[in-house]
Amino acid sequence: MDSVTETFLKLLFLLSVPNWHTAVAGNKYNCDDPLVSALPQSSFSSSSELSSSHSPGFARLNRREGAGGWSPLVSNKYQWLQIDLGERTEITAVATQGGYGSSDWVTSYLLMFSDSGRNWKQYRQEESIWAFSGNTNADSVVYYKLQHSIKARLLRFVPLDWNPNGRIGMRIEVYGCTYSSEVIGFDGKSCLIYTFNQKLISALKDVISLKFKTMQSDGILLHRQGQNGDHITLELIKGKLSLLINLGDTKTHPSNAQINIMLGSLLDDQHWHSVLIEHFNNQVNFTVDKHTHHFHAKGQFNYLDVDYELSFGGIPVPVKPGTSSRRNFHGCFENIYYNGVNIIDLARRHKSQIYVVGNMSFSCLEPQVVPVTFLSSNSYLALPGTPEQDEVFVSFQFRTWNKEGLLLSTKLHEASGGFFLYLSDGKVKISLHKRGKTLSDIVAGAGLNNGQWHSLSFSVKRNHISITVDNNVTSSTQASIPLQIYSGDVFYFGDGVPLSWWIGRTNETQTYWGGSLPAAQKCACGLEGNCIDSQHYCNCDADRDEWTNDTGFLSYKEHLPVTEIVITDTDRPNSEAAYKLGPLLCRGDRTFWNSASFNTETSYLHFPTFHGELSADFSFFFKTTASSGVFLENLGIQDFIRIELYSPSEVIFSFDVGNGPSEVRVQSLTSLNDNQWHYVKAERNIKEASLQVDQLPRRSHGAPLDGHIRLQLNSQLFVGGTASRQKGFLGCIRSLQLNGMALDLEERAKITPGVESGCPGHCSSYGNLCQNGGKCREKYSGFSCDCTFSAYGGPFCKKEISAYFGTGSSVTYNFQEYYTLAKNSSSHASSFYADMTLNQEAITFAFRTTRTPSLLLYVSSFYNEYLSIILTRNGSLQIRYKLDSHQDPDVFSINIKSMADGQLQHVKINREEEMLIVEVNQNEKMKFILSSGTEFNAIKSLTLGKILENSDVDEETMKANSQGFIGCLSSVQFNHIAPLKAALHHTSSAPVIVKGRFTESNCGSLTGADSTSSETTHSFADHSGPIDEGEPLANAIRSDSAIIGGVIAVVIFILLCITVIAVRIYKKKGIYSKNEAKGSENEDSAESALKSELSMQNTANENQKEYFF
């Protein structure tokens, strides 16, 4: 092989990135010009838009036109923002913002690109799909320099996640420069021959570079032939690129007379791929899309005998022996260079060195056939058919790596049943059924899950059925069936249509049900894994003879109310279905409590210009101890509008629309700076202006009959201050609404110096009662403890969450990836989890057991790294870190005593890089040093109890796992994740798998008794001295100290917030499709103070935004 390789090196070449010279020259000029700001409106498009002022044309970075950015009609995973750059362009960076002055921004997104708008590709970095981290507020710019540039005409931004308290909102910029290239198209019957002068050949260095794109899996890209059968061929074979060097006369050459190297995969995807082969001295690099295979040759180049011509796209005639079966290339080349010579440019100019066989064009035409990718096993495509025909014929191509999967399904006309066309163990099978009975199972093909394109033709005529795979007669199957076939009206490719669905607010079909999640296409039993038939994700899909039901709450407000319910599968006699749709309950308003605290007289919040030329209304609550201050102000060239606390007892609403300043005053008999909430409502229209404070009499001022009527403002709206920073407001403002639209004070305050989100008070006094990582949340009349990221529960995050594990029990928490990828992906799963790398862990848990050895906790990785915490046979605690898959694990033993004594044991483990600190039962902390590594890469899952998957672990861990864990585990915390709590309380939403006997218990309390008994109902009042948790505090109300009713108030508040649409579907079989009118019910509030303010606000005709449940 050495001599063959050297001969090849002496004469050949380099296939490189298509724009090889441009890439080299790229270091000499800047390619970071902004590309979006100058584009016309027609260059922007999107999946949808919330309104005309939220259209994609307003999505330019740092611009404030319209509503200040693009927002889609519905915020879900199907939205996108598209930019047309007009021509193929080199893109080197992107930047994003949220919607100006809003709570709408995207926290992560995908970037896709295309030349045609029909065939899209996702931007990848280091061979994994790259999800960009987005914004954390509306106005800051997040800029990304791309690791490798994109050459494309069209870009799409696809939001993955967004601010949960807002909508999708984006402003973007793209940076890059003009991209010039030479392209040539081959029709699969042509080739291009380049003849060169042998004097130009360098014995030391050869370079060829090109790009190609095609939809054909086979074809010759480059060929060089000798007189004695010697040849060098670069060929696409089944979507992979083969470099073949062959010595024709093997009798006179060594046995290693052939070199064949394969690189790449799925290169027939109609996207550009770069190829590079470079020879320098004895070194050869063969590169495909940045993947390089290196040669190093020795000896003399004295065997390979080739001509001084290169052919591109095929083998020229006359055909040499043994080459007749090879296909010519069908697709496009870009920027072909040989040792600096632009081959396509020579062909365009009809130079004598170029000879063309067949037809080719200097353009790249997009094929009419465009593939469709199914991103998950739940995806499907519905296409209409012609019903009541006595013949069904379907043909298509597919490729996949999955052995199993549904390809096609349809329901035949009337009572004639239906069929499923699916993959099983890599074979195509068709199942024909009628009235629950399978009439025929037919099998064709084999090994069809190899990632290659396969054609499939399927036909049914009367009672005859046939199926052909890859146009191969030997892969054809025919059969007769005892059934007359009549075609149905819809064909479903992929997972198939669900048997029932409902339609919501935006007229979108929803296939999740009560207790489930949007896009899950499952009922609650499907998420929890306890459906009566494990083959289905809803009980009502099980096709049982007895009544079954699926029941739960629908609470995703973006989809509500329910307007229509559809239940299909009705073509059989004796079918029955029933459903019950509960009323629509509207409760709560986040904007009503949205507040900000202004701490200095020069601090303020700014928002986009207020537009209320002919009609304006403002409403808000405030509380302060200051004697004066401006609540809000917006200026124009001459016009202005302002609301201010003029004195401790007087509020003034002033404005100017061109007739000179006017004002409306309200004087209170009591002080308004008493640190209590006060309500203000101001209105202005062409007839009058009015002002109301609390429930004091409304004051008004008539407009002049012949004066100006239009309020023209052009500056930003200032809240809590003025443009001159004089007379700023000190205190709190909440529930600020302008013309019925609420401003998000809290989000804006998070990024504004001198202003704080929310109004302080209760958490500063009682926040320490929220324990074990619970977060204190301010409430109007008190506070609550948010235990979301705590392993504990209860009102104060003190209640141990414990469970008893029986023999063989297992709880596995699967860590979430950025984006759900196609199961057809060829990349190793670990590449998708590249960002799940940990440099530190914080682990706490408690346990009690008498069994040894035992496996307490195990964290696995896609890279065969792991952490195991076990009890050894003598009862000592052992921590085993394996952070390098090539080394033995680090083992740390804590030999205090036997910990398998049936007593409750508390363990805390903290690692920061190589430093490990362990604390057991609040004893002295022990420090250890890791030697196997500091990074825990691509973490996959966390297991409590027995490991059920195949795992490559050390012998001691394996011994412990053979026993699993029998006993009690309590309050398990791994960083911000509480897997035990998720398994017990959030099985419908958390990525948790539970196997075996696993029951919630109070075994984690110190005495084994009910740990909730130690928590007492409290009312809180301002007082001095320590708080005795065992005794209720006196019930009192003083100034700003609002009352919380402890556990009872929290429970009542939760009951008020949980509203019910109980969709109860009792089904045997049948269909009901019904439009439901919106129904709403109101429940009394538990808090009298809230009642008072709501009553006051209703008296003032203040409209509140509803949450739909």
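A brief report on the enclosed structure follows. (Residues numbered from 1 in each chain as written. Predicted model: local features only at pLDDT ≥ 70, side-chain atom pairs only at ≥ 80, totals over all residues. Heavy atoms only, no water.)

With respect to the sheet that holds strand β48 (residues 662-667)
With antiparallel pairing, the 6 strands of this open sheet are ordered in space as β43-β52-β45-β46-β47-β48. Of all the strands in the sheet, the pair left with one neighbour each is β43 (605-607) and β48. The mean inter-strand angle of the sheet, taken between neighbouring strand axes irrespective of direction, is 15 degrees. (Pairing = 2+ DSSP bridges. Helix = DSSP H or I, 4+ residues; strand = E, 2+ residues; numbered from the N terminus. Axes fitted to C-alpha atoms, helices over the stretch in contact; angles between N-to-C directions.)

Some points on a nonpolar patch on the surface
Taken together, Val372, Phe374, Leu381 and Leu383 make up a surface patch of nonpolar side chains, about 310 Å² in accessible area. On the secondary structure map, Leu383 appears in strand β26 (residues 380-384). (Patch = residues over 30% accessible without salt bridge, like charges linked within 9 Å, V, L, I, M, F, W, Y side chains within 5 Å. Areas by Shrake-Rupley, 256 points an atom, 1.4 Å probe, with all protein chains shown as cover. Salt bridge = Lys/Arg side-chain N within 4 Å of Asp/Glu carboxyl O.)

Points about the state of the cysteines
Under the counting rule described, the total for this entry stands at 8 disulfides. Residue pairing for Cys770: its cysteine sulfur links by disulfide to Cys785, the two sulfurs lying 2.0 Å apart. Taking the sign of the S-S torsion, -80 degrees for the link of Cys770 and Cys785, the bridge is left-handed. Placement of the pair is Cys770 in the loop between α6 (762-766) and β56 (775-779) and Cys785 in strand β57 (residues 782-786), with a sequence separation of 15 residues. There is no split in this pair, since Cys770 and Cys785 are both buried. Cys968 shares a disulfide with Cys1003; S-S distance 2.1 Å. Between Cys968 and Cys1003, the S-S dihedral sits near 80 degrees, and the bridge is therefore right-handed. (Disulfide = S-S within 2.5 Å. Buried < 20%, exposed > 50% of the residue type's maximum accessible area, 1.4 Å probe, protein only.)

Looking at the environment of Ile751
Summarising the element assignment, Ile751 is placed in the loop between α5 (745-750) and β55 (755-757). Remark: the alpha-carbon pair of Ile751 and Ser140, spanning 611 residues in sequence, is separated by 9.0 Å. Look past the residues within four positions of Ile751 in its chain and what remains in contact with it is Asn137 and Asp139. (Contact = heavy atoms within 4.5 Å.)

Concerning the pairing of strand β69 (residues 926-929)
It is a general feature of regular strands that their side chains alternate between the two faces of the sheet. Of the strand pairs in this sheet, strand β68 (residues 915-920) and β69 are connected by 4 bridges, and their pairing is antiparallel. Among the inter-strand pairings, Val918 is bridged to a residue of β69, identified as Met926. Taking the residues that link successive antiparallel strands as the turn, the β68-β69 hairpin has 5 residues, and the phi of Asn921 there is positive, at about 50 degrees.

Examining the layout of surface pockets
The volume enclosed by the second largest pocket comes to roughly 410 Å³. In this structure, the second largest pocket is lined by 21 residues; those nearest its centre are Asn772, Tyr792, Thr844, His906 and Lys908. Of all the elements in the fold, those that place two or more residues in the lining of the second largest pocket are β62 (840-848), β67 (905-912) and β71 (967-974). (1 Å grid on protein atoms, 1.4 Å probe; cavity = no way out; pocket = protein on both sides within 12 Å on 5 of 7 lines; lining within 4 Å. Points joined across faces, edges and corners; volume = space filled by probe spheres on them.)

Description of the pattern of salt bridges
Tallying each qualifying case throughout the model produces 23 salt bridges. A salt bridge links Arg88 to Asp115; the shortest N-O distance between them is 3.4 Å. Residue Arg88 is located in strand β3 (residues 81-97), and its partner Asp115 is located in the loop between β4 (106-114) and β5 (121-122); the two are separated by 27 residues in the primary sequence. Accessibility expressed as a relative area gives 18% for Arg88, which makes it buried. Between Glu663 and Arg665 there is a salt bridge; the shortest N-O distance is 2.6 Å. Of the residues examined, Glu663 reaches a relative accessible area of 38% and is grouped as partly exposed. Residue classification places Arg665 among the partly exposed residues on the basis of a relative accessible area of 35%. A single salt-bridge network, built from bridges that share partners, covers Arg88, Asp115, Lys213 and Glu334.

Considering the sheet that holds strand β73 (residues 998-1001)
If you trace the 7 strands from one edge of the open sheet to the other, you get β69-β68-β67-β62-β71-β60-β73, paired in antiparallel fashion. In the strand order of this sheet, the two ends are held by β69 and β73, each with one partner. Averaged over all adjacent pairs, the angle separating strand axes in this sheet is 25 degrees, with direction ignored.

Considerations on the packing of aromatic side chains
This structure, assessed with the given rule, holds 30 aromatic pairs. Taken together, a centroid distance of 5.1 Å and an interplanar angle of 45 degrees make the contact between Phe892 and Phe928 tilted. One end of the pair, Phe892, is in strand β66 (residues 890-894); the other, Phe928, is in strand β69, with 36 residues separating them in the sequence. With relative accessibility at 18%, the residue Phe928 sits in the buried group. (Phe/Tyr/Trp six-rings, centres within 6.5 Å; stacked < 30°, edge-to-face > 60°.)

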